[in-house]
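Chain by chain, the residues:
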Amino acid sequence: MCDLTLFLPLSRGSAGKALRERFMMDTEKEAAVKTEQGIQELSAITVRFAGDSGDGMQLTGDQFTDTTAMMGNDFATFPDYPAEIRAPVGTLPGVSSFQIQFSKSIIFTPGDMSDVLVAMNPAALKVNLTNLKKNGLIIVNSDAFNENNLRKSAWKSNPLLDETLKDFQVIKVPLSELTKNALKEHPLKLTEVDRCKNFFALGMMFWLYDRVLDHTVDWITKKFAKKPEMVNANIAALKAGYNYADITETLPTQYRIPKTKMEAGVYRKISGNEATAIGLITAANLAGKTLFYGSYPITPASNILHDLARYKNFGVRTFQAEDEIAAMGTTIGAAYGGAIGVTGTSGPGICLKSEALGLAVMAELPVIVIDVQRGGPSTGMPTKTEQTDLLQVMFGRNGESPVVVIAPKTPSDCFGMAIEAVRLALTHMTPVVFLSEGYLANAAEPWKLPKIEDLPKIEVKHPVAEEGKTFYPYARDEKTLARPWALPGTPGLEHRIGGLSKADLTGNVSYDPENNQKMINLRAEKVQRIADDIPELEVRGEQKGKLLILGWGGTFGAIFQGIEELSGQGIQVSHAHLNYINPFPKNLGKVLANFEKVLIPELNMGHLLMLIRNSFPGVNAVGLNKVKGLPFYGAEITARVKELL
Amino acid sequence: MSPDTLVPEPLPYQKADFESNQEVRWCPGCGDYSILATMQRTLAKFKRPKHEYAFISGIGCSSRFPYYMNTYGFHTIHGRAPTIASGLRCVNPNLSIWVITGDGDGLSIGGNHLIHCMRRNINLNILLVNNEIYGLTKGQYSPTSKVGTVTKSTPMGSVDYPINALCIAIASEATFIARTLDSDPNHMSMVLERAEKHKGVSFVEILQNCVIFNDKVHAPVVGRENREDRMIYMEHGKPLLFGKNKSKAIKLNGLRAEVADANDAEAKEHLLIHNEKDATPNYAYLLTQMTYPEMPVPFGVFRDIERPTYDELVLDQEKAALETRGKGDLKKLIYGSNTWEVKA
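Structural notes, computed from the coordinates. (Residues numbered from 1 in each chain as written. Chains lettered and ligands numbered in written order. Predicted model: local features only at pLDDT ≥ 70, side-chain atom pairs only at ≥ 80, totals over all residues.)

## As for the interface of chain B and chain A
Now for step 1: Taken together, the contacts link 53 residues of chain B with 59 residues of chain A.
Now for step 2: Broken down by secondary-structure element, the contributors of at least two residues to the side of chain B that touches chain A are strand S2 (72-75), helix H3 (81-91), helix H5 (111-120), helix H12 (310-325), helix H13 (330-335) and strand S13 (339-342) of chain B.
Now for step 3: With eight residues, H3 of chain B is the single largest residue contributor to the side of chain B that touches chain A.
Now for step 4: Split into classes, the residues belonging to the side of chain B that touches chain A amount to 23 nonpolar, 21 polar and nine charged. (Contact = placed C-beta atoms within 7 Å. Helix = DSSP H or I, 4+ residues; strand = E, 2+ residues; numbered from the N terminus. Nonpolar A, V, L, I, M, F, W, Y, C, P; charged D, E, K, R; others polar.)

See below:
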């Protein structure tokens, strides 16, 4: 079995007791401390960059994040962008935003409400104002508040001139004008100059949080290496923004978030989809096999395909199929041929793949299906997050069709869970569904890099013909009930498989009623026995008590944050988080029985709740459900807990 | 010539080597029996051992085919066989892979996959068994049924215009395209052999008789009494001759094919000479437009051209990536471009 402690997100620190104690200390919110240079110290801050989808907000956010990482803070990010590639400029649907929380202590969420909003135009201000804390800081590009933009973003009057923003600290910065002035010596067209204003804003933010510019300067130099005039202009805008903030005293004061006490080691920033791609390649390497990834482009899963396509020198073969069904079909074909067959998609793609996934169940082939869940039903909200596919992947196929279902809980956890998906598929000869989420896919956090030599190999055996022995394609391993993975091309093992009901042992077509029941039972038992091959569920906090929060997938961060906040208020609540949903960890029933109530927060209308109530009818389970395309806020968790206690 | 050379080298395999132990369960008189036997007989002619073959099928009567071949076989789901075969090919360049499909499986529910499989030129042999009817679901009209076909689902006759399998193959730029028939095993064997030898996708339409639901649908063309005048067996580099004593041929009139007297000295100069190697698809498409009852129907190889295969190109890219970047270093991959260290 894979040592999962390696991959737990807590491995930023270790999952040990000492660390937990430290969390408690760190989360006691400290009052801002004035330091000797007039810089105020804060324990955590949430910043949101918002602008038109063409304003480069994701890039700005990424740069801010990278520098935050280099300066030793823990962080979590939340990119939130529209499905439209370039919605009309200045309109509400065109707003793209990027939120980051960075902190002195360990965190797993991008923060609930933001402390600071950088708004590049009236639409960005309008869309994001509801998400700003009272007394929060707004930095706006006042140049963009002209009549035309105000009309397009449905402001009745200019909010910079009326009472709309009276509860906030508003810093009006003529970003376009200042950038233009700063770049007047640069040989650029006016439109190009205007595009540098995000770096001006970023420079201001770097000053505000006492950050260095080096990393972004390096990045700009590399990024625009072929256009030296753009390098110079962007760096000039960045520095001008920094100096403007420094000299003009436009901003109230400078803040500093002390370094986070993280476990020693080498770290990088990673998003869920990146971690998934890297995890798959690592798993293929651990198994000594070719990785085949058959996929049809779909938001928010596509960048797994993009990432993998770049790694041909790792023996990765990507196949952009003609449709979702073909993506599943090629993946089954690749697994039949002995490769690690993986397909990736989102909810609508799962619908289309379902029949073929049933074939993989019947043929008992090891395929991995990555579902990066998004808003539904139908096309829904493609760029927004949900957890609404759980019941679909559990039951959305014809016939009795059990598959393994696992779910990562943080962006970096996608790495370890991708390896787990491959390990379980190969060891148990079964399809495995990896339920990721749009939120995890795009959000980034620091990842303490594992030692490759510590990762256990994935053992794979393919049968060969034995003299005088008949080969049975549906013979089973005594312990796991896995059937042999005999590869086409192996002398003496010629056999036929398919979607028709299989006779035990031979795999021949069979309509025998008793045999059919037996095979149904065997396939179900095979999946259930995986409970012996996965870690038991751990409870953070008291092992017995009034209330357990049981989460799964990407709600981990919000639940963690909620519990920390409650703990700060003297309310102790326990937390267990499911990485494995089918089968459940074998101690789950015992864990649940130790609590009077179990709260299950989910970004759906109660999928896990239904499964838990069905499997453990004695448990008093209640839900916290939200389907708004957004992750939970920690505050929503705390509010529900208080209702229940 | 020494007497030794007169004795042919014994073939390593017999037809029986390719027969599985499963009882064949097609209807008595079904054209699939002949296709199965011809396939087994043809494979026995090659030196490739049986474990190097994989037969992949979808759903339909003909898709039971893999069960009866003592090779590797995968009876998949409706219309999707080309996708499973493509995935298999991408990870195993050595197998001989055959896709067995039908007019419903390949041209209706699986039409999309068929098109894309062919335009990619994946090295597969695709046999489309065309009987112009849904057999396994007990006799509904299929996408190749002629207008007016009366079935259970079209009691007043079908109104949708049929699709021409070979036109789809040409439009998809398949590199090997052929037509044969269940009742001429020798011709079928020749076509199968050529399909196997072709590098890239080979698409073969086999006109097959469904004795239960669409009996004799092809008889007006291939029936014993009609075939001389209504079938053309094409040969590369030769005129398209047919009729009694091969007295008729095809000539071009503008952009149309038309029947000509093969012996007319004047017409002779304008006769169409069969060219499988034509790089453009126009000529092959013209041949597919020769349909009963207006024209005699061509059989044999319509097109046999070379184009790099998808699977080759994939391996080439992999090789190039290895040459320029070296074998992937897992540590570098995990570390990425930006890391920072937290000291104890």
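## Some points on unusual backbone geometry
All names here are of chain A.
Now for step 1: The step from Thr299 to Pro300 runs through a cis peptide bond, and the omega angle for that step is 0°.
Now for step 2: Here Asn582 and Pro583 are connected by a cis peptide whose omega angle stands at -5°.
Now for step 3: Phi at Met429 takes a positive value of approximately 50°, unusual for a residue other than glycine.
Now for step 4: With respect to the helices, strands and loops of the structure, Met429 is situated in the loop between helix H15 (413-428) and strand S16 (432-437).
Now for step 5: The residue Leu481 is not glycine, and still its phi comes out positive at about 70°.
Now for step 6: Position of Leu481 relative to the elements: it lies in the loop between strand S17 (444-448) and strand S18 (496-498).

## Some points on the sheet that holds strand S4 (residues 74-80) of chain A
Residues and elements named next belong to chain A.
Now for step 1: If you walk across this open sheet you meet the six strands as S4-S5-S3-S6-S7-S8, and the pairing is mixed. Strands with a single pairing partner mark the edges of an open sheet, and in this sheet they are S4 and strand S8 (169-173). Strand-to-strand twist in this sheet, taken as the mean axis angle between neighbours without regard to direction, amounts to 15°.
Now for step 2: Here strand S6 (residues 114-119) pairs with strand S7 (residues 132-141) via five bridges, running parallel. What sits directly across from Ser114, in S7, is Leu132. (Pairing = 2+ DSSP bridges. Axes fitted to C-alpha atoms, helices over the stretch in contact; angles between N-to-C directions.)

## Some thoughts on the nonpolar core
Now for step 1: Membership of the largest hydrophobic core comes to 257 residues, with the highest contact counts inside it found for Val422 and Phe434 of chain A.
Now for step 2: The element that contributes the greatest number of residues to this core is H15 of chain A, accounting for ten residues.
Now for step 3: Setting aside residues no more than four positions away along its own chain, Phe434 of chain A makes contact with Ile368, Val369, Ile370, Asp371, Ile406, Met417, Ala418 and Ala421 of chain A.
Now for step 4: Counting residues in hydrophobic clusters, the runner-up holds five residues, among them Ile133, Tyr134, Cys210 and Phe213 of chain B. (Core = buried A, V, L, I, M, F, W, Y, C linked by C-beta atoms within 7 Å. Buried ≥ 20, exposed ≤ 12 C-beta atoms within 10 Å, placed from the backbone.)

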